Amino acid sequence: MAFVHYLVAVPVEPSPKCPKPSTPNPSLSISSECLNLSSSPPFRPHKHSAFARFRRIGQKVKVKAQEPEVSVTSEAFTQFKHLLLPITDRNPYLSEGTKQAIATTTALAQKYGADITVVVIDEQQRESLPEHETQLSSIRWHLSEGGLKDYNLLERLGEGNKPTAIIGDVADDLNLDLVVISMEAIHTKHIDANLLAEFIPCPVMLLPL
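Residues numbered from 1 in each chain as written. Predicted model: local features only at pLDDT ≥ 70, side-chain atom pairs only at ≥ 80, totals over all residues. Heavy atoms only, no water.

### A few points about the overall build of the protein
Step number 1: Helices and strands together make up the secondary structure of the protein, namely six helices and five strands.
Step number 2: Listing every helix and strand of the protein by position from the N terminus yields α-β-α-β-α-β-α-β-α-α-β.
Step number 3: Out of the 209 residues in the protein, the part that is buried amounts to 32%.
Step number 4: Within the protein, contacts between residues at least 6 apart in sequence are counted, and of these 76% link residues at least 24 apart.
Step number 5: Roughly 14400 Å² of accessible area belongs to the protein as shown, and the carbon and sulfur atoms make up 53% of that amount. (Helix = DSSP H or I, 4+ residues; strand = E, 2+ residues; numbered from the N terminus. Buried < 20%, exposed > 50% of the residue type's maximum accessible area, 1.4 Å probe, protein only. Contact = heavy atoms within 4.5 Å. Areas by Shrake-Rupley, 256 points an atom, 1.4 Å probe, with all protein chains shown as cover.)

### A closer look at the confidence of the model for the protein
Step number 1: For the protein, the mean per-residue pLDDT works out to 76, and 63% of the residues sit at or above 70.
Step number 2: Within the model, pLDDT remains below 50 along residues 1–40, and this stretch shows 38 contacts once partners closer than five positions in the same chain are excluded.
Step number 3: Per-residue pLDDT stays below 50 along residues 48–70; that stretch engages in 27 contacts with residues further than four places along the chain or on separate chains. (pLDDT = per-residue confidence, 0-100.)

### Overview of the pairing of strand β3 (residues 152–157)
Step number 1: Summarising the sheet, strand β2 (residues 115–122) and β3 pair through six bridges and their orientation is parallel. Paired with Val120 across the strands is Glu155, a residue of β3.
Step number 2: Regarding the hand of the β-α-β motif, the stretch spanning β2, helix α3 (residues 132–145) and β3 is right-handed. (Pairing = 2+ DSSP bridges. Right-handed = clockwise from strand over helix to strand, strands pointing away.)

### Quick look at the pairing of strand β4 (residues 178–182)
Step number 1: Counting buried positions along β4 yields five of five residues, so the element is predominantly enclosed.
Step number 2: Neither face of β4 is exposed, since Leu178, Val180 and Ser182 on one face and Val179 and Ile181 on the opposite face are all buried.
Step number 3: Sheet topology places strand β1 (residues 82–87) next to β4; two bridges connect them, and they run parallel. Following the sheet pairing, Leu83 is matched in β4 by Leu178.
Step number 4: Note: β4 against strand β5 (residues 204–207), four bridges, orientation parallel. Bridge pairing links Val180 to Met205 in β5.

### A few points about the environment of Thr98
Step number 1: Tracing the chain through its elements places Thr98 in helix α2 (residues 96–112).
Step number 2: Take Thr98: its relative accessible area is 10%, and that puts it in the buried class.
Step number 3: Taking the C-alpha atoms as reference points, Thr98 and Ile181, separated by 83 residues in sequence, lie 8.2 Å from one another.
Step number 4: For Thr98, the contacting residues outside a window of four places in its chain are Ile87, Asp89 and Glu184.
Step number 5: One polar contact links Thr98 to Asp89, side chain to side chain, over a distance of 2.4 Å. (Polar contact = N/O pair within 3.5 Å; in protein donor to acceptor, adjacent residues only side chain to side chain.)

### Here we look at the sheet that holds β2
Two strands in a sheet stick together by hydrogen bonds in their backbones, pointing the same way (parallel) or opposite ways (antiparallel).
Step number 1: An order of β3-β2-β1-β4-β5 is seen for the five strands of this open sheet, with the pairing classed as parallel. Of all the strands in the sheet, just β3 and β5 have a single pairing partner and so form its edges. Ignoring strand direction, the axes of neighbouring strands in this sheet form an average angle of 20°.
Step number 2: Inspection of the sheet shows β1 paired to β2 by six bridges, in the parallel sense. When the bridges of β2 are listed, His82 appears paired with Asp115. (Axes fitted to C-alpha atoms, helices over the stretch in contact; angles between N-to-C directions.)

Here it is in structure tokens:
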């Protein structure tokens with residue numbers, strides 16, 4: 001709460017004991033006897049005086065604090081209605097980065113009421129991935145652990161395209177609002193960070209390890 005103080009000038013009269021100087025001299029000093037503050041009549045502003053509204057010295061005025069503006073970023077998060085979770089590692093029981101991405105995506109979906117699409121990406125065909133079904137089971141288990149039951153699960157295997165390009169195609173086709181990626185996928189060279197802005201048409205959340 002802020003306060004504003006009003007100050008009023010109080011007129012003073014020279015004491016009759018103090019003679020007026022014969023010639024004006026700015027350098028002359030005036031002693032304390034030259035001012036008779038105690039005998040000065042109290043200052044009473046005229047009803048038409050401009051000081052009438054300042055009758056109380058040190059009057060406190062309450063100033064309403066302005067509410068901070070809501071940032072554009074916080075508003076944008078409430079607009080995320082469809083999230084994309086790409087999974088590029090081949091660990092049948094999922095890497096720590098993938099588990100972190102699943103937990104973050106499910107938390108965002110529950111908080112904002114968003115839908116989730118999971119896309120499993122691999123350069124090899126399904127026949128060359130003997131533990132692929134185990135990986136899918138692990139994905140479903142971690143999603144259910146996060147309290148998520150309804151989601152879309154896509155597979156883009158052996159297409160010969162870069163994972164970043166596939167992520168961009170899916171995000172564009174489904175008109176997605178956010179892509180959640182673990183930095184682990186970038187460190188392992190599964191996803192090229194330099195191509196994210198080129199191929200992905202929506203915001204990307206990179207999760208540090």
